[in-house]
Amino acid sequence: MTTRKVDDAYRALIEGQAASTLALTRSTQLLSNMNRLVLQAITETDSSTVQGIAAGVKQLEQKFKEAATAGKEGAPEFAEKIDAMLAKFEKTLKPAVEQTLELAAKNDDAQA
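Summary of the structure given here. As the structure is a prediction and not an experimental result, all values here were calculated from the model. (Residues numbered from 1 in each chain as written. Predicted model: local features only at pLDDT ≥ 70, side-chain atom pairs only at ≥ 80, totals over all residues. Heavy atoms only, no water.)

We now examine the side chain of Glu61. Turning to its location among the elements, Glu61 is positioned in helix α2 (residues 47-74). If we skip the residues at most four places from it in the chain, Glu61 touches Met34, Phe89, Glu90 and Lys94. (Helix = DSSP H or I, 4+ residues; strand = E, 2+ residues; numbered from the N terminus. Contact = heavy atoms within 4.5 Å.)

Time to look at the packing of aromatic side chains. Given two aromatic rings, their pairing is described by the distance between the two centres and the angle made by the two planes. A full pass over the atoms with the stated rule returns 1 aromatic pair. Centre to centre, the rings of Phe64 and Phe89 are 4.9 Å apart; their planes meet at 45 degrees, and the pair counts as tilted. Of this pair, Phe64 sits in helix α2 while Phe89 sits in helix α3 (residues 79-111), placing them 25 residues apart in sequence. (Phe/Tyr/Trp six-rings, centres within 6.5 Å; stacked < 30°, edge-to-face > 60°.)

This part is about the nonpolar core. Judged by nonpolar contacts, the single largest core of 19 residues is most densely connected at Met34, Ile53, Val57, Phe64 and Leu101. At the level of elements, α1 (3-43), α2 and α3 are the ones that each hand at least two residues to this core. For this core, the leading source of residues is α2, giving 7 residues. If we skip the residues at most four places from it in the chain, Leu101 touches Ala41, Val50, Ile53, Ala54 and Val57. (Core = buried A, V, L, I, M, F, W, Y, C linked by side-chain atoms within 4.5 Å. Buried < 20%, exposed > 50% of the residue type's maximum accessible area, 1.4 Å probe, protein only.)

Taken as a whole and judged by the stated rule, the model has 5 salt bridges. A salt bridge links Lys94 to Glu61; the nearest nitrogen and oxygen atoms lie 3.1 Å apart. Remark: Glu61 occurs in helix α2 and Lys94 occurs in helix α3; sequence separation between them is 33 residues. In this structure Glu61 comes out as buried when scored by relative accessible area, which is 9%. With a closest N to O distance of 3.7 Å, Glu90 and Lys94 form a salt bridge. (Salt bridge = Lys/Arg side-chain N within 4 Å of Asp/Glu carboxyl O.)

Note that all results are geometric; they support no functional claim without further evidence.
Written out as structure tokens, the structure reads:
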């Protein structure tokens, strides 16, 4: 194998699979942070704090989608699985998070 082929193979690994792995790891971390904020909202008693948490969750959701898309671009062989994960997020997790944040906001309003 020539030096050029080694360089090309290494570049493909770093720019493709490694970048994809990093992006997907980041997406997992963002989901974890989103869940942490939702749990914080449940226990929060200040409505303005809950509103801030809801805004933070929306930002994390956008970053999660961006990271998942980047993961898909870096490893197209996993695109189908990543699309399925994003669809499941939209169908299941996102509505549950939104409903939980709404309930937390209502609970804070009731306590006020």
